[in-house]
Amino acid sequence: MTETSGRDTTPNGPPGSIWLREMKQRPAKQPLSREQIVQAAVRLLDEGGVRNLRMRQLADSLSSAPMSLYWHVPTKDDLLELAIDAVFPDPPSPSGSGDWRADIKTGATDLFEVLLRHSWMIELMGGHPPVGPRALAHTSAIIQILEQARFSPAQLDSALSAIYYYTVGAALSEASWQAMARQSAESEEEWANRLGPYLGSATQDHPASLADYVKRSASSSTGQRFHDGLECMVSGMEQMRSLNT
């Protein structure tokens, strides 16, 4: 029995994405597997972010030598790509009711929650596009839901962009607020309240509606903010889809 190792078999070529390289086969009977290495990397990333992931520290956590890791994962960038894909949510399944709106919300919400739980993903996705097997399975499932809802190809492309751009952008915004609250050892609401005097002066030259929005946003929950925006986006998708009828 063999296991695909991380050793690149493409000679003299640019390293590129790990998903674009052929991997040679290596006997599976060995102390470590790629899956074990990736799971340990995810734990370190969850504990301290990207800066917390060092190959020597990772090897120590696995009671192994750093060189043993490189048989499976040639570079740290490869490991980061594998980690992103490992935690990507399961693809949403079309519901038996045929409610495409609910199915889209499920897929977007699952991804949003994963991005907040593993906030290092947001930082990494700027330089490591999610094109691994799990990420592609998630995208494929979203496409299938939209196709079954009879979105035209052009509408599907626009809807797909809206779903992922909104979800990742929302997670980035929420993660930044949560990180600021953690750094100040306060809850999000406490930090927002302390921000009040600054907001009052910063928005005084703008319509009162801006300050009102900031106050409402600070007092609402992360989940509520995301779902309200998601509902608005899906309603727009429904309006666009209705042009087909």
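Before reading further, recall that the structure is shown in the block above.
Draft legend 1. Structural detail: the overall build of the protein. For the protein, the count of helices and strands is 12 helices and 2 strands. Order of helices (α) and strands (β) in the protein, N terminus to C terminus: β-β-α-α-α-α-α-α-α-α-α-α-α-α. When the 245 residues of the protein are sorted by exposure, 38% land in the buried category. Within the protein, counting contacts between residues at least 6 apart in sequence, those at least 24 apart form 70% of the total. Counting only carbon and sulfur atoms, one obtains 54% of the accessible surface of the protein, whose full area is about 13800 Å².

Draft legend 2. Representation of empty space enclosed by the protein. Under the defined criterion, the tally for this structure stands at 1 cavity of 30 Å³ or more. The computed volume of the largest cavity comes to approximately 50 Å³. If you trace the largest cavity, you find it lined by W19, E81, I84, D85, H128, P129, P130, V131 and G132. Split by residue class, the lining of the largest cavity holds 5 nonpolar, 2 polar and 2 charged.

Draft legend 3. Up close: the packing of aromatic side chains. As enumerated under the stated definition, the model contains 3 aromatic pairs in all. Each ring, one from W100 and one from F151, has its centre 5.1 Å from the other, and the planes form 85°; the classification is edge-to-face. A residue pair is termed long-range when its members are at least 10 positions apart, and W100 in helix α5 (residues 100–117) and F151 in the loop between α7 (133–148) and α8 (153–183) qualify at 51 residues. By relative accessible area, W100 is classed as buried at 8%. Centre to centre, the rings of Y166 and F226 are 5.4 Å apart; their planes meet at 15°, and the pair counts as stacked. Placement of Y166 in helix α8 and of F226 in helix α12 (residues 222–241) is noted, with a sequence separation of 60 residues between them.

Draft legend 4. Spotlight on the nonpolar core. L58, L79, I104, W120, M121, L146 and M237 are the most contacted members of the largest nonpolar core, which totals 56 residues. At the level of secondary structure, the elements contributing two or more residues to this core comprise α1 (34–48), α2 (55–61), α4 (76–87), α5, α6 (120–125), α7, α8 and α12. With sequence-adjacent residues up to four places away left out, L79 is seen in contact with I37, V38, A41, L53, M55, L58 and V73.

Draft legend 5. Here's a closer look at the pattern of salt bridges. Counted by the stated rule, this structure contains 6 salt bridges. Note that R101 is salt-bridged to E231, the shortest N-O span being 2.7 Å. In this pair, R101 sits in helix α5 while E231 sits in helix α12, placing the two residues 130 residues apart along the sequence. R101 gets classed as partly exposed once you look at its relative accessible area, which sits at 21%. Linked through salt bridges whose partners overlap, the residues forming this network are R101, K105 and E231.

Draft legend 6. Layout of the packing of α7 against α8. The interhelical angle for the contact between α7 and α8, taken along N-to-C directions, is 130°, at an axis separation of 10 Å. Taken together, the axis directions place α7 and α8 in an arrangement best described as oblique. At the point where α7 passes α8, the crossing takes the right-handed sense. Packed against α7, whose contacting residues are H138, T139, I142, I143, L146 and E147, the element α8 presents L156, A159, L160, I163 and Y164 at the interface. Here the contact of α7 with α8 is built from residues that sort into 8 nonpolar, 2 polar and 1 charged.

About the criteria used
Residues numbered from 1 in each chain as written. Predicted model: local features only at pLDDT ≥ 70, side-chain atom pairs only at ≥ 80, totals over all residues. Heavy atoms only, no water. Helix = DSSP H or I, 4+ residues; strand = E, 2+ residues; numbered from the N terminus. Buried < 20%, exposed > 50% of the residue type's maximum accessible area, 1.4 Å probe, protein only. Contact = heavy atoms within 4.5 Å. Areas by Shrake-Rupley, 256 points an atom, 1.4 Å probe, with all protein chains shown as cover. 1 Å grid on protein atoms, 1.4 Å probe; cavity = no way out; pocket = protein on both sides within 12 Å on 5 of 7 lines; lining within 4 Å. Points joined across faces, edges and corners; volume = space filled by probe spheres on them. Nonpolar A, V, L, I, M, F, W, Y, C, P; charged D, E, K, R; others polar. Phe/Tyr/Trp six-rings, centres within 6.5 Å; stacked < 30°, edge-to-face > 60°. Core = buried A, V, L, I, M, F, W, Y, C linked by side-chain atoms within 4.5 Å. Salt bridge = Lys/Arg side-chain N within 4 Å of Asp/Glu carboxyl O. Axes fitted to C-alpha atoms, helices over the stretch in contact; angles between N-to-C directions. Parallel < 35°, antiparallel > 145°, perpendicular 65-115°, else oblique. Left-handed = near helix turned anticlockwise from the far one by under 90°.

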